[in-house]
Amino acid sequence: MRIVRLTLGAILFIGGIVLMLLPGSILLVVGGLMLLSYDWPRARGWLKYIQKTMTTGARKIDRFLLMRRLR
């Protein structure tokens, strides 16, 4: 099971990196890191960083759209 999880996680992660220009591909990166984080502690750190960055970006976009609506 561990080999399947690592292989699938690596495929999703690499596929997400390759498809970075298309919308929605970041979900492949997050999914791949999620699977890799079970067995690889460094992937857990990368996953936390990406989650924090995505949260910060979503808050900035929300704030921008809210301020735009109020004008």
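Residues numbered from 1 in each chain as written. Predicted model: local features only at pLDDT ≥ 70, side-chain atom pairs only at ≥ 80, totals over all residues. Heavy atoms only, no water.

Some details on the nonpolar core
By size, the foremost hydrophobic cluster in this structure holds seven residues: Val 29, Val 30, Leu 33, Leu 36, Ala 43, Leu 47 and Ile 50. Those elements giving two or more residues to this core turn out to be helix 2 (26–36) and helix 3 (41–70). In terms of residue count, the dominant contributor to this core is helix 2 (four residues). For Val 30, the contacting residues outside a window of four places in its chain are Leu 47, Ile 50 and Met 54. (Core = buried A, V, L, I, M, F, W, Y, C linked by side-chain atoms within 4.5 Å. Buried < 20%, exposed > 50% of the residue type's maximum accessible area, 1.4 Å probe, protein only. Helix = DSSP H or I, 4+ residues; strand = E, 2+ residues; numbered from the N terminus. Contact = heavy atoms within 4.5 Å.)

Structural notes on the packing of aromatic side chains
Applying the stated criterion across every chain yields a total of two aromatic pairs. With 6.3 Å between their ring centres and 20 degrees between their planes, Phe 13 and Trp 46 make a pair best called stacked. With Phe 13 in helix 1 (residues 2–18) and Trp 46 in helix 3, the pair connects residues that are 33 residues apart, well separated along the chain. What makes Trp 46 partly exposed here is its relative accessible area of 38%. Here the aromatic rings of Trp 40 and Trp 46 are separated by 5.4 Å at their centres, their planes lie at 85 degrees, and the arrangement is edge-to-face. A connected cluster of aromatic rings, assembled from ring pairs, spans Phe 13, Trp 40 and Trp 46. (Phe/Tyr/Trp six-rings, centres within 6.5 Å; stacked < 30°, edge-to-face > 60°.)

Section: helix 3
For helix 3, which comprises 30 residues, the first-to-last C-alpha distance of 44 Å matches the rise-based estimate of 44 Å (1.5 Å per residue) to within 8%. If you check which residues of helix 3 are buried, you get Ala 43, Leu 47 and Ile 50. If you follow the buried residues of helix 3, they end up packed against helix 2. (Expected span 1.5 Å × (residues − 1).)

Purely geometric numbers; function is a separate question.
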